[in-house]
Amino acid sequence: MAEVEWQRLKAQEVRALAEANAVVILPIASIEQHGPHLPTMTDTRLGHEVAVRAARKASGTRPVVVTPVVWSGLSEHHMPFGGTLTVSHATFRALIGDLVAALVRQGFRDILISNSHGGNMIAMQQICDELSASCGATLVGATYVTEAGEDLARHLEDQKGVMHACEAETSMMMVCEPGLVDSSDLASLTQGMEGGRFLAAGKASYRWRPFAAITANGVAGNPTRSTVQKGEAILEAGAGALAALIMDEATWAVPADLRGAGTGGVAFRSR
Ligand SMILES: [Zn+2]
């Protein structure tokens, strides 16, 4: 099986991947509290796992290389529970912008920013908006949980989707880092089943709140019936969705340009 992890390759092997127009997966995640039973690296570890599995699935169609995970994400809302590292939006944007520029300078043109942390989602989209006009690459931002959608959620029994330190994340960590999951009392941990509502106000408005507004122990969801089998199925669903995204030519196609010759007798400027 071809190596897909950037940091395990020699420089000339990475140059050859750029020459072959490989897709780069740039995973972004977090280091933050994940309840009393999961390690702080949960999002970073799962982001790595899903990205590497996706790359292996897609690399029969097109070469793919996965960079190390950008672990420094936006986790201000988890700070009340400790164990959490966070950076400012400006730092996050600058870091991803610099890494994208480094990829483009050595010839990569199709970059998938693969996110595994809910707190990064809005910023990821903003960063794609901001960089796309000038970076010289096609940027696609994906969060595996939402990209996989129902294919992933159907493996859950006690939740509608992935929450935090929950049925899904606990199951996946049982696969990836079994020695770091404390399964001794999962039945007592369920909290915050209302999930994303902690960031809502009114009928359809947004209000920032800390995660402590919905949970006493840092968990949001029900980890009680987490299993290795469930974790494996969820990881495969997430990786399959990212692989399908990578292999779909429409993901990377040049956007249509439907402009005519001009209006009012004045031509449009070429981009
Ligand atoms: Zn998480």
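Look up a bit, the structure's there.
Let us look at the structure shown here. (Residues numbered from 1 in each chain as written. Predicted model: local features only at pLDDT ≥ 70, side-chain atom pairs only at ≥ 80, totals over all residues.)

## Observations regarding the overall build of the protein chain
Okay, step 1: A count of helices and strands for the protein chain gives 9 helices and 8 strands.
Okay, step 2: Here the C-alpha radius of gyration of the protein chain, 20 Å, is about what a compact globule of 271 residues would show, namely 18 Å.
Okay, step 3: Along the first, second and third principal axes, the C-alpha set of the protein chain runs to 70 × 50 × 35 Å.
Okay, step 4: For the protein chain, buried positions account for 44% of its 271 residues.
Okay, step 5: Taking the contacts inside the protein chain whose residues are at least 6 apart along the sequence as the reference set, 77% of them involve residues at least 24 apart. (Helix = DSSP H or I, 4+ residues; strand = E, 2+ residues; numbered from the N terminus. Rg over C-alpha atoms; globule rule 2.2 N^0.38 Å. Buried ≥ 20, exposed ≤ 12 C-beta atoms within 10 Å, placed from the backbone. Contact = placed C-beta atoms within 7 Å.)

## A look at the packing of helix H2 (residues 42–58) against helix H7 (residues 167–176)
Okay, step 1: Look at H2 against H7: their axes get within 10 Å of each other, and the N-to-C directions meet at 65 degrees. For the element pair H2 / H7, the angle class is roughly perpendicular. The element H2 and its partner H7 pack so that their crossing is left-handed. Each of Thr42, Arg45, Leu46 and Glu49 in H2 lies in contact with H7, whose residues at this interface are Glu169, Met172, Met173 and Cys176.
Okay, step 2: Counted by class, the contact of H2 with H7 contains 4 nonpolar, 1 polar and 3 charged residues. (Axes fitted to C-alpha atoms, helices over the stretch in contact; angles between N-to-C directions. Parallel < 35°, antiparallel > 145°, perpendicular 65-115°, else oblique. Left-handed = near helix turned anticlockwise from the far one by under 90°. Nonpolar A, V, L, I, M, F, W, Y, C, P; charged D, E, K, R; others polar.)

## Digging into the pairing of strand S3 (residues 110–115)
Okay, step 1: For S3, the buried fraction is high: 5 of the 6 residues fall into the buried class.
Okay, step 2: Sheet analysis places strand S1 (residues 23–28) next to S3, joined by 6 bridges and oriented parallel. If you follow proline 27 over to S3, its bridge partner there is serine 114.
Okay, step 3: By the bridge criterion, 6 bridges tie S3 to strand S4 (residues 138–143) in an arrangement that is parallel. Looking at S4, one finds that asparagine 115 is bridged to threonine 143.
Okay, step 4: In the classification by handedness, the crossover that spans S3, the intervening helix H4 (residues 121–132) and the parallel S4 is right-handed. (Pairing = 2+ DSSP bridges. Right-handed = clockwise from strand over helix to strand, strands pointing away.)

## A few points about the environment of alanine 20
Okay, step 1: Counting through the fold element by element, alanine 20 comes out in the loop between helix H1 (11–19) and S1.
Okay, step 2: Residues alanine 20 and alanine 237, spaced 217 residues apart in sequence, show a C-alpha to C-alpha distance of 27 Å.

## Concerning the packing of H2 against helix H8 (residues 228–247)
Okay, step 1: At their nearest, the axes of H2 and H8 sit 8 Å apart, and the two run at 50 degrees to each other. Of the possible angle classes, the one that applies to H2 and H8 is oblique. Both H2 and H8 take part in a crossing whose hand is right-handed. Seen from H2, the contacting residues are Glu49, Val50, Arg53, Ala54, Lys57 and Ala58; seen from H8, they are Leu235, Gly238, Ala239, Gly240, Leu242, Ala243, Ile246 and Met247.
Okay, step 2: A class-by-class count of the residues in the contact of H2 with H8 yields 9 nonpolar, 2 polar and 3 charged.

## Quick word on H7
An α-helix turns once every 3.6 residues. As a result, residues three or four positions apart point the same way.
Okay, step 1: Counting buried positions over the 10 residues of H7 gives 9, a clear majority of the element.
Okay, step 2: Along H7, the residues classified as buried are Glu167, Ala168, Glu169, Thr170, Ser171, Met172, Met173, Met174 and Val175.

## Structural notes on the sheet that holds S4
Okay, step 1: With parallel pairing, the 4 strands of this open sheet are ordered in space as S2-S1-S3-S4. Each edge of the sheet is formed by a strand with only one pairing partner; in this case those strands are strand S2 (64–66) and S4. Here the average twist between neighbouring strands, direction ignored, is 25 degrees.
Okay, step 2: The pairing of S1 with S2 spans 3 bridges and is parallel. In the sheet register, isoleucine 25 faces S2, and the bridge partner there is valine 66.
Okay, step 3: Those strands touched by H2 are S1, S2 and S3, and its axis lies near 165 degrees from that of S1.

## Concerning the nonpolar core
Okay, step 1: Core analysis: the biggest nonpolar cluster contains 68 residues, and Val24, Ile25, Ala54, Val64, Ile111, Leu242 and Ile246 have the highest contact counts within it.
Okay, step 2: Ignoring any residue separated from it by four or fewer positions in sequence, one finds leucine 242 in contact with Val50, Ala54, Ser114, Ala142, Tyr144 and Glu147. (Core = buried A, V, L, I, M, F, W, Y, C linked by C-beta atoms within 7 Å.)

## With respect to H2
Okay, step 1: Over its 17 residues, H2 runs 24 Å from end to end, which matches the ideal 24 Å to within 8%, given 1.5 Å per residue.
Okay, step 2: In terms of burial, H2 is largely enclosed, as 14 of its 17 residues are buried. (Expected span 1.5 Å × (residues − 1).)

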